[in-house]
Protein chains: 2
Amino acid sequence: MNAIKSYIKQHKERFINELVDLLKIPSISADSAYRNDVLKTAEAIKKSLEKAGCDTVEICKTDGYPIVYGEKIVGKTLPTVLVYGHYDVQPPDPLDLWYSPPFEPVIKTTEKHPDGAIFARGACDDKGQLYMHVKALEFMTATNQLPCNVKFMIEGEEEVGSANLATFVKNNHKKLENDVILISDTGMIANDVPSITTGLRGLSYVEVEVTGPNRDLHSGLYGGAVANPINILAKMIASLHDENNHITIPGFYGKVEELSKEERAEMAKAPFNLESYKNALDIDAVYGEKGFTTNERNSIRPTLDVNGIWGGYIGEGAKTVIPSKAFAKISMRLVPHQDWEEITQLFKTHFEGIAPKGVKVKVTPHHGGQGYVTPIDSIGYLAASKAYETTFGKTPIPQRSGGSIPIVALFEKELKSKTILMGFGLDSDAIHSPNEHFGIWNYIKGIETIPWFYKYFTEIFE
Amino acid sequence: MNAIKSYIKQHKERFINELVDLLKIPSISADSAYRNDVLKTAEAIKKSLEKAGCDTVEICKTDGYPIVYGEKIVGKTLPTVLVYGHYDVQPPDPLDLWYSPPFEPVIKTTEKHPDGAIFARGACDDKGQLYMHVKALEFMTATNQLPCNVKFMIEGEEEVGSANLATFVKNNHKKLENDVILISDTGMIANDVPSITTGLRGLSYVEVEVTGPNRDLHSGLYGGAVANPINILAKMIASLHDENNHITIPGFYGKVEELSKEERAEMAKAPFNLESYKNALDIDAVYGEKGFTTNERNSIRPTLDVNGIWGGYIGEGAKTVIPSKAFAKISMRLVPHQDWEEITQLFKTHFEGIAPKGVKVKVTPHHGGQGYVTPIDSIGYLAASKAYETTFGKTPIPQRSGGSIPIVALFEKELKSKTILMGFGLDSDAIHSPNEHFGIWNYIKGIETIPWFYKYFTEIFE
């Protein structure tokens, strides 16, 4: 990978500007009002792959948003790397907490990003991290150093559950044939503590609706005499955790992977400062399942969080109403061996079962996916580790992440290859939050590190 | 009250059209976007009082929306009736549940209103019921039959807590001097079961805010490790009732008036059909405090209801977020002897006290008011009872209402006179709900009944 540093130095400004342009398109897959923008983003990704050197790029239709597929095949006997990423982004709400508009990228320095960071929805998740791969390919083709075959599969529905990707993968085994899958959609511990994600949590996302009376009622005339769906919903949600913050759904923990003392001791070695963690979030205490540390709670333990709740009068002032309905969006993060479809069913059965008389309860599954654990002795992991060593000067730490990329388990099942999660973002980059950003240093470091992965993977593979 | 029936017959269409015009102005006091409409409504009320025969009408400024004051004095030795009402209305949300726009009145028949009902926000609460008094005055002045003095005090902030009315009343003892206060802002049992409201519940309305982390977080990366303000809010709300649906706030029941067995037996005589009640609301069971009947639960017992809740992502689709904040609007209906300011303080202390570490809780009182009970042997009650007998052919039943008109207790304290609650609406009129309406029959019956009250009150008073 000769001259990677000088190539980057020469083109750095353009790399940044291209990403900024991509971030200006509000590709919010959850909101159908942005449909044209999502489609426009797929076109932009196609063009960028063509410019970066792909031989063929196609926009593959699905029942939802299209998948952009591109490839550059340099030799039949050479290994193939399949890059996965997504061009859709999370909704930017609440808008009033953004310091600058989410789709008007600005570059500002922060404490953790003294070289500047790009602030925009999708900067890190996943447009920025995806674009590192496009630019890494550009370098390798421009300098004639691509050591193996490469395929790109970039979808537009990751933030809404990848509903159509599974079908695409199942129907395109041949096209997607590969020796390793490479994804940058996770983070690392710190700029001076590189890490590779070796585990992801699964996910079950549901929406619940509690219906009381058939119309909104005056809380004076009916208050105290009929079940108020908000009060009932609150009670039902509260009952989902016991006093030790264990989840109370029968069977929920049945298949949870229990780590050994040794494994937990190993995990505990990762650098973590509870005071800094609390200070960064401005909280006076952490909160979670009894008997586990913060790092364990958000990686090896399953969770249940309400992601949204609404019902009744939520405008300015006061309204004395008992609403007819109350709603919540609830997600559960799952750990290896928990099956998301089974958990979704357990939730549904339990939640409908605890509804008191006087209300009707409906549970609608949104989407979900299995958790994933990747071995650290695979060729892919070794190549990635060596790549980080080369560019960071340090061996990366294997780390379980609390996040989910539901489709990863499916990739392994369908395509029979391991996924390597090379993430360059930081936890503090505020993905899914207002003021999401991605460090310029991290963006550039990613572009620099990825070609080394190709090199080492090809070498070890042979 | 000669010729009241023929006068009404002659002018009925105009009476309806004038009310329809008044209902077209969206005087939503809770939402500052409607400020001009609220003010416009005050002007309309002023004009209608002038036309109905008041000698002087003024729009009295307050720190909020103005109070319309009008009077017609016919003799210094004659008694004076003070009519109170409000020209503001509840917000119409949720708009999508209205069959016709809330401020475009339409007349339709219903099962309970075979002669038709006017559908519009404020039709019953309180523009329609208030306007009965204006038209009753018109009849009495037009036919030279007004037997006593009359004063009107019509405010524009009832639906947001009458924040400025108390000051107005305190500063205008002389102007507001009266012998009885007459209000139509309640209901009656049925068109063939007239009733007079003898009790109102008090109210304490608060807003609560639970803050967890200082920003919205990704529920994968942080889920299970920090307190989620929605889960915490649900837990806190759930804990406000015990398994028997008693309210758990320490001291809450301390001053609650406990009715005797005899009083409860008397109450139980009011016609009530549990099956019809459940069918009308499409619920399979009623729900409330153990040991009390439905009619008791919503009249002689205090309650706590969440009127609105919101937090996190409430848009289309899914977002895996742990929000920084969650909110709820909570109101408590209070019974005689409970002091609303004391209860508000008890709530605040308790709610802030049960917040777990990891969140901050803020309780903001909105407004409130004391409960009220009126004796059934007062001149006012006797006059009202006789008026109903004259026009309905039946003695009205004295009935405790679950609703609140917080200002009534203050009237008695400041103006030393009793309030008579002559309501002509039905519980099924959907006040505070979508599709609020007011029966044409009820509207006309109110206009017919009110002049008899004036007559009998004056006669008994002498």
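The rules behind each value
- Residues numbered from 1 in each chain as written.
- Chains lettered and ligands numbered in written order.
- Predicted model: local features only at pLDDT ≥ 70, side-chain atom pairs only at ≥ 80, totals over all residues.
- Heavy atoms only, no water.
- Helix = DSSP H or I, 4+ residues; strand = E, 2+ residues; numbered from the N terminus.
- Rg over C-alpha atoms; globule rule 2.2 N^0.38 Å.
- Buried < 20%, exposed > 50% of the residue type's maximum accessible area, 1.4 Å probe, protein only.
- Areas by Shrake-Rupley, 256 points an atom, 1.4 Å probe, with all protein chains shown as cover.
- Lys, Arg positive; Asp, Glu negative; His and termini not counted.
- Charge placed at Lys NZ, Arg CZ, Asp CG, Glu CD.
- UniProt positions renumbered as here; feature names shortened; annotations may be inferred.
- Contact = heavy atoms within 4.5 Å.
- Phe/Tyr/Trp six-rings, centres within 6.5 Å; stacked < 30°, edge-to-face > 60°.
- Lys NZ or Arg CZ within 6 Å of the ring centre and 35° of its normal.
- Patch = residues over 30% accessible without salt bridge, like charges linked within 9 Å, V, L, I, M, F, W, Y side chains within 5 Å.
- Salt bridge = Lys/Arg side-chain N within 4 Å of Asp/Glu carboxyl O.
- Pairing = 2+ DSSP bridges.
- Axes fitted to C-alpha atoms, helices over the stretch in contact; angles between N-to-C directions.

## Topic: the overall build of chain A
Across its full length, chain A carries 13 helices and 18 strands. Here the C-alpha atoms of chain A give a radius of gyration of 23 Å, agreeing with the 23 Å that 2.2 N^0.38 yields for 462 residues. Along the longest, intermediate and shortest principal axes, the C-alpha atoms of chain A span 80 × 50 × 45 Å. Counting every position in chain A, which comprises 462 residues, the buried fraction comes to 64%. Total accessible area computed for chain A in this model is approximately 17200 Å², and 51% of it derives from carbon and sulfur atoms. Distance from the positive charge centre (49 side chains) to the negative charge centre (59 side chains) of chain A: 2 Å.

## Let's talk about the UniProt feature "domain: Peptidase M20 dimerisation" (unreviewed entry) in chain A
Using the residue numbers shown here, the UniProt feature "domain: Peptidase M20 dimerisation" (unreviewed entry) corresponds to residues 199-358 of chain A. As a span, residues 199-358 of chain A carries 29% helix and 22% strand, and end to end its C-alpha atoms are 43 Å apart.

## Some thoughts on the side chain of N228 of chain A
You can see N228 of chain A is positioned in the loop between α5 (219-222) and α6 (229-238). What N228 of chain A contacts, discounting residues up to four positions off in sequence, is I322 and P323 of chain A together with D305 and V306 of chain B.

## Focus: the packing of aromatic side chains
Across all of its chains, the model carries 34 aromatic pairs over all chains by this definition. Centre to centre, the rings of Y7 of chain B and F15 of chain B are 6.4 Å apart; their planes meet at 40°, and the pair counts as tilted. Linked through ring pairs, Y388, F392, F424 and W441 of chain A together constitute an aromatic cluster. Between the NZ or CZ atom of K175 of chain B and the centre of the ring of Y69 of chain B, over which it lies, the distance is 4.7 Å. Against the face of F392 of chain B rests K445 of chain B, its NZ or CZ located 5.5 Å from the ring centre.

## Points about a nonpolar patch on the surface
All names here are of chain A. Taken together, the side chains of I379, L382, I460 and F461 define a hydrophobic patch exposed on the protein surface, amounting to about 290 Å² of accessible area. Looking at the nonpolar patch, the elements that each hand over two or more residues are α11 (379-392) and α13 (440-461). Its place among the elements puts L382 in helix α11. We classify L382 as partly exposed; its relative accessible area is 41%.

## Remarks on the sheet that holds strand β5 (residues 117-119) of chain B
Residues and elements named next belong to chain B. Read from one edge of the open sheet, three strands run β4-β5-β20, paired in antiparallel fashion. The sheet is open, and its two borders are formed by β4 (106-108) and β20 (437-439), each paired with just one other strand. Across the sheet, the mean angle separating the axes of adjacent strands is 25° when strand polarity is ignored.

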